[in-house]
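Residues per chain are reported as follows:
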Amino acid sequence: MSKRQELSIATSQQPDSIAGRIVGAAAMGVVGAAALASLAAAALTVRVARKVVTPPTAREEDITVIAVAESTIALTATKDSLLPGRYGLWFDQGDGYARVGDILSATATVVTRELLSVEFGVLGAGAKARLTGWFYLTPGELGYPFENVEVKTELGTALAWLIPADDPGENWVISVHGRAASRIETLRAVPVFREAGYTSLLVSYRNDVDAPRSADGRYSLGDSEWKDVDAAIGYAIAAGARRIVLMGWSMGGAIVLQAATRSANARYISGIVLDSPVIDWASVLGFQGSEMRLPAAASRAVLAVIGNTWGKRLTGQSESINLSRLDFVARADELVWPVLLMHSDDDGYVPSTSSHALAEARPDIVTFDAFSVARHTKLWNYDAARWTVDIAAWLAVLPRPAAAAKG
């Protein structure tokens, strides 16, 4: 497998046969204007619903490289390229990867940043690129010993990285990446957990490039992926873990909440850390629909398609998604673990409204740090010191779970 195949993450564009039939019918003059509008809306709903549950295969590159010097790079100004901090820069559809640092100057159209390194690829003017919260690409870059390990799931073997604590013991963290990402996303959390004495298990789950494919090849937004995290919990327990923190980014947050509340090994979980998490999919899809200028009714229709049995044949899902089960604003009373919740109020992808609602519903267990400016899953990149202090302070007072206390 090439490095590009291992590291590239994407957004799919699938042909829509329903839309094609509508266009053909309109051309033949057999569909009235009102009926055509209705059919077009239905086709759009199906297309969006299909996109939500389909692992992507290409990623939009919305930044253009204007100029490259030895230690600087000029980029078109976007919401992401104007973010303070240090980031990864994918370019040429995953054929290249660079690291960028501080902003040196900016205008309304161009931003010049430090160019920290070019890891691979040929970076030059005119290249299309995208900024990512990823920074490290392999655990070896962190300077710690690590192992490539296999987690046995119900679908087969899912690959993971095991990075032991300096003095390995009962404290483990299982890190879960978000939608259309990979375990590389979670490398940023290893140092703060290792400093606190935690062994890190960075996992993959179904439909990742390094994990088994589900029968339908579709995401279930956490409703089935949690089983692979549960398998990782079992792996950790077999290796001596008795105090397990689950950490999830974006959709990984939805996955770890499912794992915590549905695992037979929940007694070993000591706490949950959430970075830019999906707490409630209805709010996320409603927000993204508004960003796409979809009518509110269309966003509700997308939820109906992916959440009902009749929608399966339209999206290719084997099973419909239980969206109520994924709503942890409504299920807030069911949470029994300390939760560290970090979210940017201008996330731009997963709105922070549900995070605020969960924090307000459960102030007894939720420690909430609301960032601003940082956008989606880029909190560490934007302010690594604050992010690290949040986690370190929370870990320092984390109580032992019942299983560990008895052990």
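Residues numbered from 1 in each chain as written. Predicted model: local features only at pLDDT ≥ 70, side-chain atom pairs only at ≥ 80, totals over all residues. Heavy atoms only, no water.

Moving on: the packing of aromatic side chains. Considering all chains together, one arrives at eight aromatic pairs under this definition. Ring centres of Phe135 and Tyr136 lie 5.4 Å apart, and the angle between their planes is 90 degrees; on these two criteria the pair is classed as edge-to-face. In this structure, Phe135 and Tyr136 share a single accessibility class: buried. One aromatic cluster in this structure is built from Trp90, Tyr97, Phe120 and Trp134. Between the NZ or CZ atom of Arg183 and the centre of the ring of Trp161, over which it lies, the distance is 4.1 Å. (Phe/Tyr/Trp six-rings, centres within 6.5 Å; stacked < 30°, edge-to-face > 60°. Buried < 20%, exposed > 50% of the residue type's maximum accessible area, 1.4 Å probe, protein only. Lys NZ or Arg CZ within 6 Å of the ring centre and 35° of its normal.)

A few words on the pairing of strand β3 (residues 87-91). When you tally the buried positions in β3, you get five out of five residues, the bulk of the element. On β3, burial covers both faces: Tyr87, Leu89 and Phe91 on one face and Gly88 and Trp90 on the other are all buried. Relative to strand β4 (residues 96-106), β3 is paired through five bridges, and the arrangement is antiparallel. Its bridge partner lying in β4, Gly88 is registered against Arg99. Linking β3 back to β4 in an antiparallel pair, the connection comprises four residues, with Asp92 at a positive phi of about 55 degrees. Relative to strand β6 (residues 128-132), β3 runs antiparallel, the two sharing four bridges. Across the sheet, Trp90 pairs through a bridge with Arg130, a residue of β6. (Helix = DSSP H or I, 4+ residues; strand = E, 2+ residues; numbered from the N terminus. Pairing = 2+ DSSP bridges.)

Take the sheet that holds β3 next. Ordered in space as β1-β2-β5-β4-β3-β6, the six strands form a closed barrel in which the pairing is antiparallel. Direction aside, neighbouring strands of the sheet carry axes that sit 45 degrees apart on average. Where β4 meets strand β5 (residues 110-120), seven bridges bridge the pair, whose relative direction is antiparallel. Opposite Ala106, over in β5, you have Val111 as the bridge partner. (Axes fitted to C-alpha atoms, helices over the stretch in contact; angles between N-to-C directions.)

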